[in-house]
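Commentary on secondary and tertiary structure
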Number of protein chains: 2
Amino acid sequence: MGDTDVIVVGAGISGLTAAWRLAQAGQRVKVLEANARVGGRTLNHQFASGEVAEVGGQWVGPTQERILALLAELKLDTFPTWNQGDNLTLFGGRLKPYRGTIPKFAPHVLLDIGQAQWRLDRLARQIDLDDPSRHPKAPLWDSMSFAEWLRRQVKTEQARTVFDLASAAVFAAKPHDLSFLHVLFYIKSGTNLDTLLGVDKGAQQDRIVGGSQRISEELALRLDGAVQLAQPVRALKQGLDHVELITDQGSHRAKRVIFAVPPTLLLRITQEPLLPGWRDQLLQRLPQGAVIKCMAMYERPFWRERGLSGQATSEIGPVRLTFDNSVPGSSKGVLMGFIEGDEARHWSSCDEGERRAQVLQCFARYYGEQALQPLEYVDKCWADEPFARGCYAALFPPGVWGSGAARLRQPQGRVHFAGTETATRWMGYFDGAVQAAERAAAEVLALT
Amino acid sequence: MGDTDVIVVGAGISGLTAAWRLAQAGQRVKVLEANARVGGRTLNHQFASGEVAEVGGQWVGPTQERILALLAELKLDTFPTWNQGDNLTLFGGRLKPYRGTIPKFAPHVLLDIGQAQWRLDRLARQIDLDDPSRHPKAPLWDSMSFAEWLRRQVKTEQARTVFDLASAAVFAAKPHDLSFLHVLFYIKSGTNLDTLLGVDKGAQQDRIVGGSQRISEELALRLDGAVQLAQPVRALKQGLDHVELITDQGSHRAKRVIFAVPPTLLLRITQEPLLPGWRDQLLQRLPQGAVIKCMAMYERPFWRERGLSGQATSEIGPVRLTFDNSVPGSSKGVLMGFIEGDEARHWSSCDEGERRAQVLQCFARYYGEQALQPLEYVDKCWADEPFARGCYAALFPPGVWGSGAARLRQPQGRVHFAGTETATRWMGYFDGAVQAAERAAAEVLALT
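Residues numbered from 1 in each chain as written. Chains lettered and ligands numbered in written order. Predicted model: local features only at pLDDT ≥ 70, side-chain atom pairs only at ≥ 80, totals over all residues. Heavy atoms only, no water.

Here's the deal with the pairing of strand β11 (residues 243-247) of chain A
Residue and element names in this part refer to chain A. In terms of burial, β11 is a largely internal element, 4 of the 5 residues being buried. Strand direction decides the pairing type here: strand β10 (residues 233-238) and β11, joined by 5 bridges, are antiparallel. Note that in β11 the partner of Leu 236 across the bridge is Leu 245. Remark: 4 residues form the turn of the hairpin made by β10 and β11, two consecutive strands paired antiparallel. Bridging between β11 and strand β12 (residues 251-254) involves 4 bridges; their strand directions are antiparallel. Note on β12: the bridge partner recorded for Ile 246 is Ser 251. Hairpin geometry of β11 and β12 is characterised by an intervening segment of 3 residues between the two adjacent antiparallel strands. (Buried < 20%, exposed > 50% of the residue type's maximum accessible area, 1.4 Å probe, protein only. Helix = DSSP H or I, 4+ residues; strand = E, 2+ residues; numbered from the N terminus. Pairing = 2+ DSSP bridges.)

Set out below in structure tokens:
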């Protein structure tokens, strides 16, 4: 074993938190990270002028107690997402301003949206977060996609479009990609629909000073030399009293291992003994969402001068959702946009110049011609990242919870599982990453 | 390059046919097979008394012109599946005999089944097999699961149960696992629903003398030394004028490569340059079906003495579908049963003795106590097979065809794709494996 008790695979927030909790408890840990950097699905981008903004996951919000506690522990500060002025919607070819979460629509559309939201929240409250498949109606709800539920319960075309956008914003996926049971689970896991979708008091409320990748960087600093970069794990061998991990660089032994990687990547590690059939089948059915995150920097946040918040939702792509991602203390303005689902898959294979032009056209459609001339432009297609292969998180299609997906976090011999996909609270978010990490670390500590 | 023009990965029917067509055209080929045997998802089992029957794919039928031509070329004979006597159904706790494909039900249930089948066949005829997403209604049909369509169109509970069983029989999956568009594609790909489900004149009409694995064995014989077993491919590197494949045993170079493996296994091969994001995302969303195929051998086919065909369908599991899989020329009787979907995943992790006991209980429920005392019992869980990870074939959930799944067979540099999942006709069957192989071989030959 040499000097390692536990190897953690993956130096994102979940893996590093698990390693840090174990190190704090006196365990000798090693973290193997496939990339040449820490941060996982968080990634800071530094503009030429020095400002740092995020091309990966970026937000924290109220009720996310675990990540907020970790930020306090790491002495990282947050600042509010820019949320002043009018939001915009582009529906039916018309650009309209609005305030709050839901755009202005005709009263019957608003009623339709409101009723669906009320129903979703009410049903979500009944879900057992430890295992949603325990609900008496789980067989029906899990055999139904969110699209089917929307077709049954939502009467107006516009309301359905709003939920399509909400699905893209929350899951980076279409309603037909998602089990209705999973949507209910996710809503409760993230408190309620308003919290999931909101900025003030919601999951998009705050950002991290210096960018969210700093969480991982601070953890790695504290782990002082335990983190080894550019060590993609290709194979795992479990022995009677140890595990061995084979990377492109060599072999590593420890008493136990914690995987903190997206489910689809777990499939790609050769295992001895063989991954049990049920777990392989489960991982096969948990694909990642698809998102390209795009940012353009301008001399100043010119949209604010027109009373606009920088938040837009649109039924025209490829960018259907934007935010003001400017950096406090800088006079520059940053617009951020999401390309999601099929459009993300399409634009991932296209010419980068053409992608940039299309994204800026979208920004211009919402905020005017000035948006066509950024100082800088950057985007990140997470499906193209070799050690993410999609974002934000894994999708649960119909039938997966019902086939025993709660067993995803069940240890397997000397192997334990972290990563936000194994969380019960705030799955898919930083907070879930921390919860999963602390649960996996506790599992290991209970065995030593 | 040494002496190899083309490497084929996978020595199932598709890979070996591709290699054989290339060899016939004068190409120097090598076949790398991960298992220590050829045959892929076909596998013969020899009982102690010498009879051979199949624990993998086994049937061929009319309109499967390509596999029938290949069988003739290989001088392999077929024999009809045993199909004499009464079939049984077990619904609502009652065992009833029937003849033909559809069990006896009340007239309104039969009408319900008939109307749904008529609608499915009518819609399926409109599908473009080259790319189902071209149909004007594809966005709707692909955003809908087969379960949603059944809930809308099928009125009686019993008719829905029949389609649930049909889905298990055809896809080894539940209706909620499948895009409705994919179901329409699959029906047309396999001619029509009667052909997919039928024995006489259907996809289950004939078996191969000596067992279906003989197809691969005969092809391998003709390829004379080109097939290398126990060579799991872990990595692929594409150069400017060659490809290199890294297996556990060493490195292999050629001008081009044809992969003939299930989609999920392609994901697990490290690639340089990196697999494009769109293709990785596509492969992530193509999980394999789940099936355990079970066979029990008896002193004689005692069910025939009672006028029973050995075919049963049931709403009680784990075995919901049985066949008489006896071997001609032998006095012994063989019962075969399928465990599928969630039940296959569940029983794959359970104790093998308990699994056998449960399967025999099912056989006894249909055919009497005699079934509890077989001479021999064997089963095969395809999710547990390291180089299959499920059967019969990949499932297409909602949204996958619409996101460009037809590109699955699009070559990528020097890499070409065979395997039944890339077929347009009889996808998921031996015939599709041959079509895909001949298409991939032709692609390569056109480039040389």
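Anyway, onward from the coordinates.
Considerations on the packing of aromatic side chains
Here the structure, examined in full by the defined rule, presents 40 aromatic pairs over all chains. Taken together, a centroid distance of 6.2 Å and an interplanar angle of 80° make the contact between Phe 338 of chain A and Tyr 392 of chain A edge-to-face. In this pair, Phe 338 of chain A is assigned in strand β18 (residues 333-340) and Tyr 392 of chain A in the loop between β19 (376-381) and β20 (415-417), connecting sequence segments 54 residues apart. Exposure remark for Phe 338 of chain A: the relative accessible area of 6% places this residue in the buried category. Judged by its relative accessible area of 22%, Tyr 392 of chain A is partly exposed. Summarising the aromatic geometry, the rings of Trp 426 of chain B and Tyr 429 of chain B are spaced 4.8 Å apart at their centres and angled 75° between planes, so their arrangement reads as edge-to-face. Both residues of the pair, Trp 426 of chain B and Tyr 429 of chain B, count as buried. The ring of Trp 278 of chain A is capped by Arg 407 of chain A, whose NZ or CZ atom sits 3.7 Å from the centre of that ring. (Phe/Tyr/Trp six-rings, centres within 6.5 Å; stacked < 30°, edge-to-face > 60°. Lys NZ or Arg CZ within 6 Å of the ring centre and 35° of its normal.)

Looking at unusual backbone geometry
A cis geometry characterises the amide bond from Cys 391 of chain A onward to Tyr 392 of chain A, with omega recorded as 0°. For the bond from Glu 272 of chain B to Pro 273 of chain B, the omega torsion is 0°, close enough to zero to count as cis. Structurally, the position occupied by Pro 273 of chain B is in the loop between β14 (270-272) and α11 (277-284). You will see that Thr 63 of chain B, though not glycine, has its phi angle at about 75°, which is positive.

Comments concerning the packing of helix α3 (residues 107-124) of chain B against helix α6 (residues 157-171) of chain B
All names here are of chain B. Where α3 meets α6, the axes come as close as 8 Å, and the angle between the chain directions of the two elements is 45°. It follows from the interaxial angle that α3 and α6 lie oblique. When you trace α3 past α6, the crossing you get is right-handed. Along its contact with α3, which presents Val 109, Asp 112, Ile 113, Ala 116, Gln 117 and Leu 120, the element α6 presents Gln 158, Ala 159, Val 162 and Phe 163. (Axes fitted to C-alpha atoms, helices over the stretch in contact; angles between N-to-C directions. Parallel < 35°, antiparallel > 145°, perpendicular 65-115°, else oblique. Left-handed = near helix turned anticlockwise from the far one by under 90°. Contact = heavy atoms within 4.5 Å.)

A look at the environment of Gln 311 of chain B
Residue and element names in this part refer to chain B. Its place among the elements puts Gln 311 in strand β16 (residues 308-314). Take Gln 311: its relative accessible area is 9%, and that puts it in the buried class. Placed 190 residues apart in sequence, Gln 311 and Asp 121 show a C-alpha to C-alpha distance of 24 Å. Not counting residues up to four positions away in its chain, the partners in contact with Gln 311 are Trp 82, Asn 83, Asn 87, Leu 88, Val 199, Thr 322, Phe 323 and Tyr 367. Reaching out from Gln 311, the side chain makes a polar contact with the backbone oxygen of Trp 82 at a distance of 3.3 Å. A polar contact is formed between the side chain of Gln 311 and the side chain of Asn 83, at a distance of 2.8 Å. (Polar contact = N/O pair within 3.5 Å; in protein donor to acceptor, adjacent residues only side chain to side chain.)

Distances and angles like these do not, on their own, reveal function.
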